[in-house]
Amino acid sequence: MSAYIDYPNPVLSIERDDYNENCAFDVSFNEEDITVDENNILIPTTCELKCEGLSKLITQGKAAIVVLVSSSAAFYRRAFEFDATTLSATIEIPKFDVRKSIDFCGYILAKEDIKEFRCDGEFNDLYFKNMSFSVKKADVLAQGQTRVIPIDDTELEKPISSIFS
């Protein structure tokens, strides 16, 4: 997804200024922590979320942290939802379902319609002072940075320590 998409509501992202500078969101991983077993690529991930309003929605079950993983060369696309009680998860991808590269991006998505969405004191006052928004189920509330993981496909068949170039 591009940072230049016009959303109908404020979106927390490093590439946007919809929220004040104290708020942050991203889902990340360390490449050296990625492992490969007999059938899967395992990516331990952690979420950084500094936003009381969005944290509250997640705790209430009205929003979820989701990681979208795709490999366009293999037509693989899957969303992984974090457990609402933790800010870490291991993403498990069948290693023979992906090729060439994996695109990885974290989001916070609405799990239900929210009539008066607002994050008091966290929206950028210049644009959204005292405003509330109607949010529909699956609308984007936050977007992390997209990371691309290159894969050496020839190494998937062999017992190896790492398939990443």
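A brief report on the enclosed structure follows. Computed from a prediction, not measured in an experiment: that's the story for all the values here. (Residues numbered from 1 in each chain as written. Predicted model: local features only at pLDDT ≥ 70, side-chain atom pairs only at ≥ 80, totals over all residues. Heavy atoms only, no water.)

1. Some points on the overall build of the protein chain
As a reminder of what qualifies: Here a helix means four or more residues in a row that DSSP labels H or I, a strand means two or more in a row labelled E, and each is numbered from the N terminus. Three labels apply to residues, based on accessible area from a 1.4 Å probe with only protein chains included: buried if under 20% of the type maximum, exposed if over 50%, partly exposed otherwise in between. Computed with the Shrake-Rupley method and a 1.4 Å probe, the accessible areas treat only the protein chains shown as cover for residues.
Counting its regular elements, the protein chain contains two helices and eleven strands. Looking at the protein chain as a whole, 42% of its 165 residues qualify as buried. Only carbon and sulfur atoms are counted for the fraction: they give 47% of the accessible area of the protein chain, which is about 9,400 Å².

2. Observations regarding the packing of aromatic side chains
Inclusion rule: When the centres of two rings from Phe, Tyr and Trp lie within 6.5 Å, Trp using its six-membered ring, the rings pair. Their planes under 30 degrees apart give stacked, over 60 give edge-to-face, and anything left gives tilted. A ring is considered to have a charge above it if a Lys NZ or an Arg CZ atom is located within 6 Å of its centre and within 35 degrees of its normal.
Enumeration according to the criterion identifies seven aromatic pairs in this entry. Seen from their ring centres, F29 and F104 are 4.8 Å apart, and the 75° between their planes marks the pair as edge-to-face. Here the residue F29 occupies a position in the loop between β1 (24-28) and β2 (35-36), and F104 occupies one in strand β7 (residues 101-110), the gap between them amounting to 75 residues. Between Y127 and F128 the ring centres are 5.9 Å apart and the planes differ by 65°, which places this aromatic pair in the edge-to-face class. F128 gets classed as buried once you look at its relative accessible area, which sits at 14%. Grouped by ring-pair contacts, the aromatic residues Y19, F117, F123, Y127, F128 and F133 constitute a single cluster. A cation sits over an aromatic face here: R147 above F29, 3.9 Å from the ring centre.

3. Quick notes on the layout of surface pockets
The condition is simple: In the cavity and pocket records, a cavity denotes points on a 1 Å grid over the protein atoms alone where a 1.4 Å probe fits but cannot get out, a pocket denotes an open set with protein on both sides within 12 Å along at least 5 of 7 lines, and lining residues are residues with an atom within 4 Å of a point. Grid points are joined across faces, edges and corners, and a volume is the space filled by probe spheres set on the points. Only Asp, Glu, Lys and Arg are considered charged, only Ala, Val, Leu, Ile, Met, Phe, Trp, Tyr, Cys and Pro nonpolar, and every remaining residue, Gly among them, polar.
Put simply, the largest pocket is a space of about 200 Å³. Lining the largest pocket are 14 residues, and of these S13, I14, C23, A24 and F25 sit closest to its centre. Among the elements that take part in the lining of the largest pocket, β1 stands out by supplying three residues, more than any other. A breakdown of the residues in the lining of the largest pocket according to their chemical character gives six nonpolar, three polar and five charged.

4. Quick notes on helix α1 (residues 52-59)
To keep things clear, this is the line we draw: Arc definition: directions from the helix axis to the C-beta atoms.
All buried positions along α1 are accounted for by G53, L54, L57 and I58. Across the axial projection of α1, the buried residues extend over an arc of 135°, all falling on one side. Exposed residues lying more than 90 degrees from the buried face of α1 are E52, K56 and T59. Downstream of α1 by a residue or two, G61 has a phi angle that is positive, lying close to 80°.

5. So, the pairing of strand β4 (residues 63-71)
The following threshold applies: Strand pairing is assigned whenever DSSP identifies at least 2 bridges connecting the two strands.
Among the nine residues that make up β4, eight are buried, leaving the element largely enclosed by the rest of the structure. In the sheet, β4 pairs with β7 via eight bridges, with the strands oriented antiparallel. Looking at the pairing, I65 lines up with I108 of β7. For β4 and strand β5 (residues 76-81), the ladder comprises six bridges, and the chain directions are antiparallel.

6. Looking at the pairing of β7
Across a regular strand the side chains alternate sides, sitting on one face of the sheet and then on the other. Of all ten residues in β7, seven are buried, a share of seventy percent or more. Relative to strand β11 (residues 147-150), β7 is paired through four bridges, and the arrangement is antiparallel. Looking across to β11, one finds that F104 is bridged to R147. Inspection of the sheet shows β7 paired to strand β10 (residues 140-143) by three bridges, in the antiparallel sense. Paired with L109 across the two strands is V140, which belongs to β10.

7. Topic: the nonpolar core
Cut-off, in case you're wondering: For this analysis, a nonpolar core means a set of buried residues of the types Ala, Val, Leu, Ile, Met, Phe, Trp, Tyr and Cys, connected via side-chain atoms within 4.5 Å. Residue contacts are defined here by distance: any two heavy atoms, one from each residue, within 4.5 Å place the two residues in contact.
Residues L54, I93, I108 and F117 are the most contacted members of the largest nonpolar core, which totals 40 residues. Every residue in contact with I93, bar those within four places of it in the chain, is listed here: N39, N40, I41, I43, V69, Y76, F80, V98 and I102. In terms of nonpolar packing, the next biggest core, distinct from the first, is built from five residues, Y7, V11, C105 and Y107 among them.

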